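# A structural walkthrough
Listed below are the residues making up each chain.
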Amino acid sequence: MRFEVAASVAEAVRMLAAEPGTTRVLAGGTDVLVQLRSGLVEPDLVVDIKRIDGMREIRAEDGGFRIGAAVSGAELGEDAGVRALWPGVVEGMELIGSTQVQGRATLAGNLCNASPAADSVPAMVAADAVARVAGPAGERDVPVAQIPAGPGKTTLAKGEFIVSIFLPARPAGSADAYLRFIPRTEMDIAVCSAGVSLTIGGDGTCTAARVALGAVAPTVLLVPDAAAALIGSKLDDAALDALAAACSAAAKPIDDKRGTVAFRKKVAGVLARRAAVIAAERARG
Amino acid sequence: MALDKQTTAKREFKVVGTRPLRPDGVDKVTGKALYGADLTAPGMLVGKILRSPHPHARIRSIDTSAAEAAPGVKAVITHADFTLPDDEDMRDILVNCMAFNKALYDGHAVAAVAAISEAAAKAALKLIKVDYEVLPHVTDVDEAMKPDAPVIERGRQAETVGEGFSENVTSYCEFGHGDIEAGFTRADHVIERSFKTEATHQGYIEPHACLATFTTDGKADLWCCTQGQYMVRRVCSAIMDMEASQLRVTPSEIGGGFGGKTTVFIEPVALMLAKKSGRPVKIVMSRSDVLRASGPTCSSSMDVRIGMTKDGRITAGHAKLRYQGGAFPCGTVEMGAMAAFAAYDLEAVRTQGWNAMTNRPKQAAYRAPGAPMAIYAVESVVDELCQHLGLDPLDVRLKNAAKAGTKASYGVTFTDIGLSACLAAAKAHPHYAAPLGPGQGRGVSCGFWFNFGGDTCVTLNVNMDGTVSVTEGNPDIGGSRASIGMMAAEELGVPFDKVRTQVVDTASLGYNEVTDGSRVTFAVGLATIKAAQAAKAEMCRRAAMIWGIDAEAVTWEDGCAKPSGPNAGDFPPMTLAEIAAVSSQTGGPIAGHHEVNADGAGVSFGVHLVDVEVDPETGATKVLRYTVFQDAGKAVHPDYVEGQMQGGAVQGIGWALNEEYIYGEDGRLQNAGFLDYRVPVASDLPMIDTVILEIPNPGHPYGVRGVGETSIVPPLAAIANAVSRAAGVRLTELPMSPPRILAALDAARPKAAAE
Amino acid sequence: MSRIHVTTSVNGDEVDFLCEPDETLLDALRNRLGLTGSKEGCGTGDCGACSVTLDGRLVCSCLVLAAEAEGREIATIEGMAEGEALHPLQKKFIEHAALQCGVCTPGILVATKALLEKNPDPSETEVRYWLAGNLCRCTGYDKIIRAVMDAAAELRRA
């Protein structure tokens, strides 16, 4: 294995594209190092992108925020602006691993690790976040939901990597929330999870919503029926019940060491409902 | 053995019972303490072990030629490098460290290499070709007992097992007295329930590690993290076919053991690699290796039947326990069968136990081995009877509690024990009267452990500057250097800071049994007190010599030799320091020794109270409040007694709620890491309150009882009882993970609610 | 694999070492620099025994490549005491018997120091969540939490 430090995006792309073998981009490394050490992957080249200008920056842009690919969870959580605009994305990111892991782990890394249980991804999908991808053909913007292709697989092409994540502007009366279920209070991988982003109009009616579930399908699942249950409602019990039922129905989980199909389907609905209530409270200010 | 029962009554202590700072504290908070993996030696090689990916497979052949030829590789070994010892226990230990004809579980060692670097050793492992013939496997205890189950090894079944079982069932045991059927007839209500508990792991944070050197003249040195350096020497010298005196084992500082470091897993492998390569070899297990291939607990399947009268008197108890302890015969079920009903004074009781072999790693001790699951099952049924009959769970336990004179279900008659005192303290504690909110439940359970004594050897040297060196042979896993030093100081009448206690290598003392069975503060303490008494007698003799009076006319008081009365002579007392300073002129160095196979450890009881809240929508359990009541006999250092009570309680909480070995259909361990083997984290827990009771053990000069193990026993049932009361449905399987609780809740909910 | 020359700062001292490209910072600290106070309990970021700070940020050194340390500032348990004077946290851990086997202790102390620098007056819950990535199997955490709260109070008074 070779270890290289890229000084620019172009150089990183060049290095990644030129290597015929397996490559890994190193930002926070909290997944890459675990895989490396367990022998799960044996990369021929690891490219550290943290020293590229802008990779560790959070920038205001068009009323939203552009978050560099190497911004850690701890740094994201310390940014009052992002926290105010997208509290659900920040809380999703902050749930990943321990305080120590927060010192390194990144949104882009969590996305590219392509785990169906990734904590930041449902909230990013609900937020309709956009990843900026650099590659041999230049830069392109891709909705976050389109990056994971299945467990451990992304749609990124050879030589491509994510340079930033864009969280868009949103109208007044908007907020989001993310909840996951884990057996302990910390340190676990989500058994299932839900991110809800919504907007509430002046009369208390929900005017827009996106609901995404984690760990109930090979990739994070956007559930339009769940959003439809909220839109036009005043988030009363009937709407919330419909939301929970839509989530449970949409969930297509598996039985594994972390949970059962029945548990995940039921709890996905419970979490979505609870997340919607939190998001609504935040939206109402 | 004549023991000083008379001294236990109302003794005033000066040092014992205080809370001095621990002597190993500074080393541990500054990172200086040296653990198993922290030592290096010149020319050291890295040892790595190849492990079977199959739960059960015949090893047709192993080709190591490519690995041997790889760059940087200095030795490759397989079972062919070892000779099977005659002794069956030693043979099992060796075969567990290195598979012979078959790989018996996922993670079983099949070969090892020593190379100049981590990378070279890793690369070499990949070059070893093992030809496996995969065999059918079994990991569940009930499945393993069925007559048509795949057999792990033939010829291991004891005659007592009887008909109708597979050959995996290696042993059967039975305890009890009285006519249980008559007892059940007398009962107003009888409940019978079946329970299952999964295997758990000790979860010590320090993985096993060792550093071995072997010289060409047959001498060897071994540095390792272990609970017993003498055990390591005994086992490794037998396996290596060398004389015990030629192998010196030095215990490192130990990063947790809880019973899991009372045997060997890598030490014989490191020694053989060192012998073959002629260079020092270090092996450090990865966390995944630790979970796959060290010694977790037994898993269990149990049936318990108990009868009770309307006023809460237990009329009979019957427990059938089926444990699996991995791919070798295992006697742990016997301890479960002995402990199951130990808390109760019963006219009719019967316990039966069966052990089965499975394709799992060889069980090792874990804090009160065998007791937690058996007592969990019994205490769950007692609780359900209390619920059914509308009785207070503490009152019922008080009514039936074992006491001095009770004939225990396992045959002994108890002397002074602290169970009723613990129950009464729990009843009177504000925790028991505190209100519960909706969705909350309170659970109670008793716990018990036998406690052990065993072979012990201590030397106490009085130094010429008036300080004292205590030399003992038991690795300090819970603060024993402090408690041993405190007992020496107490006995000698000197301040604690004048005493330094060292845990030494196998060349420096006679045999000491492993640090287990909560034996150290009791047995090593006892030997230390006796060694101090021997040193005092010698110091009295020296003072008598100086004063020119008879030795019998000198007594020891408050750290000084004194004439025993006015008739003995009029001399000012001589302090220990004064006597030591002139020891060269009075006959040479002053020391005391004691060697003993200590008896009279004194059983230990505890009672735990816990409040939990269950989320009815997710099955998540939150522990809200926890109080531990335990009899310590005499708490030598109360901080460390509390530490044992708290640590054991939290391990038990983990066992009850989230910790488990998860095997897939393929027989491979699915959660070989701290990510999915879920030990409790700080945010899972409340403070763990403690109440120490002191009912002196008549078998120890200061009344001390071991305190290390009992605390892991009650949490399983205490939490299960609390969860069952909070959820309104009885849980009978551990761990009570959220999917299990939610499934039980959903099954119990009226149909309408499920629509 | 060719080795990489790394120059970095550990506990204020400039040091350099040669490491393999896939070597962790933890292995370099322990095996190249002889700083064995940081422990490996899991190697996967789940136990916190290897906690150090990297440019002031708390991390698991088992999840950092040694090569990443080039030009950075690392602090380990070995740098916590000043000569013979223990840090107040170290003293409180001994006073409260907040350690038994001690193998998790260096990581917990490093993590706690980072907490108190960020939040000098944490609640019990904040301490528990901050330390959730530091496993202790001996103590049940009770005495650790007490030691941290007491040390925080003393540091606030100082």
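Everything numeric here is computed off the predicted structure, so don't read it as measured data.

## Comments concerning the overall build of chain A
Along its length, chain A carries 11 helices and 14 strands. For chain A, whose C-alpha radius of gyration is 19 Å, the value lies close to the compact-globule estimate of 19 Å for 285 residues. By principal-axis analysis of the C-alpha atoms, chain A measures approximately 55 × 45 × 35 Å. Burial statistics for chain A: of 285 residues in total, 58% are counted as buried. If you take every contact in chain A between residues at least 6 apart in sequence, the share linking residues at least 24 apart comes to 59%. Carbon and sulfur atoms make up 54% of the accessible area of chain A, which totals about 10,300 Å². Placing the 30 positive and 32 negative side-chain charges of chain A at their respective mean positions leaves the two points 4 Å apart.

## A few points about the overall build of chain C
Helices and strands together make up the secondary structure of chain C, namely 5 helices and 5 strands. If you list the helices and strands of chain C from N to C, you get β-β-α-β-β-β-α-α-α-α. Radius of gyration (C-alpha) of chain C: 16 Å, near the 15 Å computed for a compact globule of 158 residues. The 158 residues of chain C split such that 65% are buried. Look at the contacts in chain C between residues 6 or more apart in sequence, and 53% of them connect residues 24 or more apart. When the accessible surface of chain C is totalled, it reaches about 5,400 Å², and 45% of it is carbon and sulfur. Of the charged side chains in chain C, 16 are positive and 24 negative; the average position of the first set lies 7 Å away from that of the second.

## Some details on the nonpolar core
Counting residues in each nonpolar core, the largest one holds 215 residues, and the members touching the most others are Leu 222, Tyr 410, Phe 448, Val 607, Ile 719 and Met 736 of chain B together with Phe 93 of chain C. Of all the elements, helix H11 (residues 371-389) of chain B adds the most residues to this core, at 11 residues. When near neighbours in sequence (up to four residues on either side) are disregarded, Val 607 of chain B contacts Leu 394, Leu 419, Cys 422, Leu 423, Ala 426, Val 444, Ser 445, Cys 446, Thr 627, Val 628 and Phe 629 of chain B.

## Comments concerning the interface of chain A and chain B
Contact with chain A, which involves 19 residues of that partner, is made by 22 residues of chain B. Contact between chain A and chain B buries roughly 1,800 Å² in total, counting both sides, with carbon and sulfur atoms accounting for 53%. Between the two partners, chain A and chain B, sit 7 salt bridges. When the shortest N-O distance is used, the salt bridge between Asp 676 of chain B and Lys 257 of chain A registers 3.6 Å. For the pair chain A and chain B, the interface holds 11 residue pairs in polar contact (both at pLDDT 80 or more). For the side of chain A that touches chain B, the leading source of residues is helix H11 (residues 261-284) of chain A, giving 5 residues. Of the residues that constitute the side of chain A that touches chain B, the class distribution is 7 nonpolar, 3 polar and 9 charged.

## Comments concerning the packing of aromatic side chains
Evaluation of the coordinates by the stated rule reveals 20 aromatic pairs over all chains. Residues Tyr 410 of chain B and Phe 450 of chain B carry aromatic rings whose centres are separated by 5.1 Å and whose planes lie at 80° to one another, so their mutual orientation is edge-to-face. Of this pair, Tyr 410 of chain B sits in the loop between helix H12 (393-400) and helix H13 (419-428) while Phe 450 of chain B sits in the loop between strand E16 (440-449) and strand E17 (454-462), and the two are 40 residues apart along the sequence. Like Phe 450 of chain B, Tyr 410 of chain B is buried. Relative to Phe 450 of chain B, the ring of Trp 449 of chain B lies with its centre 5.0 Å away and its plane at 75°, an arrangement referred to as edge-to-face. Among the aromatic residues, those joined into a cluster by ring pairs are Tyr 410, Phe 414, Phe 448, Trp 449, Phe 450, Phe 452 and Phe 605 of chain B. Just above the ring of Trp 86 of chain A sits the side chain of Arg 170 of chain A; from NZ or CZ to the centre is 3.8 Å. Here the basic side chain of Arg 22 of chain B rests over the ring of Tyr 640 of chain B, its NZ or CZ set 4.7 Å away from the ring centre.

## Quick word on the environment of Lys 622 of chain B
Within the secondary structure, Lys 622 of chain B is located in strand E25 (residues 621-631). Between the alpha carbons of Lys 622 of chain B and Ala 537 of chain B there is a distance of 57 Å; along the sequence they are 85 residues apart.

## Here's the deal with the sheet that holds strand E8 (residues 189-197) of chain B
All names here are of chain B. Spatially, the 6 strands line up as an open sheet ordered E7-E15-E14-E13-E8-E27, and their pairing is mixed. In the strand order of this sheet, the two ends are held by strand E7 (169-177) and strand E27 (733-734), each with one partner. Pairing of E8 with E27 involves 2 bridges; the strand directions are parallel. Pairing of Lys 196 across the sheet is with Glu 733, part of E27.

## A word on the UniProt feature "domain: FAD-binding PCMH-type" (unreviewed entry) in chain A
When the UniProt feature table is mapped onto this chain, "domain: FAD-binding PCMH-type" (unreviewed entry) is found at residues 1-172 of chain A. When the span residues 1-172 of chain A is considered, its composition is 31% helix and 26% strand, and the gap between its end C-alpha atoms is 50 Å.

## Side note on the interface of chain B and chain C
If you look at the interface, chain B gives 53 residues, while chain C gives 42 residues. For the pair chain B and chain C, the summed buried surface comes to about 3,800 Å²; carbon and sulfur atoms form 60% of the total. Among the residues chain B hides against chain C, the three largest losses belong to Val 29, Ile 205 and Met 687 of chain B. Together they make up 19% of the total. Counting across the chain B and chain C interface gives 25 residue pairs in polar contact (both at pLDDT 80 or more). Secondary-structure elements contributing two or more residues to the side of chain B that touches chain C are helix H1 (25-30), helix H18 (638-657) and strand E26 (688-693) of chain B. For the side of chain B that touches chain C, the element with the highest residue contribution is H18 of chain B, accounting for 9 residues.

## Quick word on the domain arrangement of chain A
If you check the domain split of chain A, you get domain 1 (1-49) and domain 2 (174-284). Relative to domain 2 of chain A, the C-alpha centre of domain 1 of chain A lies at a distance of 35 Å.

## What to know about the pattern of salt bridges
Under the criterion given, the structure shown has 95 salt bridges over all chains. In this structure, Arg 32 of chain C engages Glu 23 of chain C in a salt bridge whose closest nitrogen and oxygen atoms are separated by 2.6 Å. Of the residues examined, Arg 32 of chain C reaches a relative accessible area of 33% and is grouped as partly exposed. Each of Arg 184, Asp 188, Lys 257 and Arg 258 of chain A together with Asp 676 and Arg 678 of chain B takes part in salt bridges that share partners, so that together they form one network.

## Thoughts on unusual backbone geometry
Here Leu 734 of chain B and Pro 735 of chain B are connected by a cis peptide whose omega angle stands at -5°. Here Pro 735 of chain B shows up in the loop between E27 and helix H20 (738-748). Of note in this structure, Ala 97 of chain C is not a glycine but carries a positive phi near 55°. With respect to the helices, strands and loops of the structure, Ala 97 of chain C is situated in the loop between helix H2 (88-95) and helix H3 (105-118).

## Re the domain arrangement of chain C
All names here are of chain C. You can read the domains of chain C as domain 1 (4-79) and domain 2 (88-157). A separation of 22 Å is found between the C-alpha centroids of domain 1 and domain 2. Taken together, the contact between domain 1 and domain 2 spans 12 residues of the former and 12 residues of the latter. Summing both partners gives a buried area of about 930 Å² for domain 1 against domain 2, and 67% of it is carried by carbon and sulfur. Area buried by domain 1 at its contact with domain 2 is led by Cys 47, Leu 58 and Ile 77, which between them contribute 46% of it. Taken together, domain 1 and domain 2 are joined by 0 salt bridges. In this assembly, domain 1 and domain 2 are joined by 3 residue pairs in polar contact (both at pLDDT 80 or more). Tallying contributions element by element places strand E3 (residues 51-54) first for the side of domain 1 that touches domain 2, with 3 residues.

The rules behind these values
Residues numbered from 1 in each chain as written. Chains lettered and ligands numbered in written order. Predicted model: local features only at pLDDT ≥ 70, side-chain atom pairs only at ≥ 80, totals over all residues. Heavy atoms only, no water. Helix = DSSP H or I, 4+ residues; strand = E, 2+ residues; numbered from the N terminus. Rg over C-alpha atoms; globule rule 2.2 N^0.38 Å. Buried < 20%, exposed > 50% of the residue type's maximum accessible area, 1.4 Å probe, protein only. Contact = heavy atoms within 4.5 Å. Areas by Shrake-Rupley, 256 points an atom, 1.4 Å probe, with all protein chains shown as cover. Lys, Arg positive; Asp, Glu negative; His and termini not counted. Charge placed at Lys NZ, Arg CZ, Asp CG, Glu CD. Core = buried A, V, L, I, M, F, W, Y, C linked by side-chain atoms within 4.5 Å. Buried area = accessible area lost by both parts, 1.4 Å probe. Salt bridge = Lys/Arg side-chain N within 4 Å of Asp/Glu carboxyl O. Polar contact = N/O pair within 3.5 Å; in protein donor to acceptor, adjacent residues only side chain to side chain. Nonpolar A, V, L, I, M, F, W, Y, C, P; charged D, E, K, R; others polar. Phe/Tyr/Trp six-rings, centres within 6.5 Å; stacked < 30°, edge-to-face > 60°. Lys NZ or Arg CZ within 6 Å of the ring centre and 35° of its normal. Pairing = 2+ DSSP bridges. UniProt positions renumbered as here; feature names shortened; annotations may be inferred. Domains from an automatic or database assignment.

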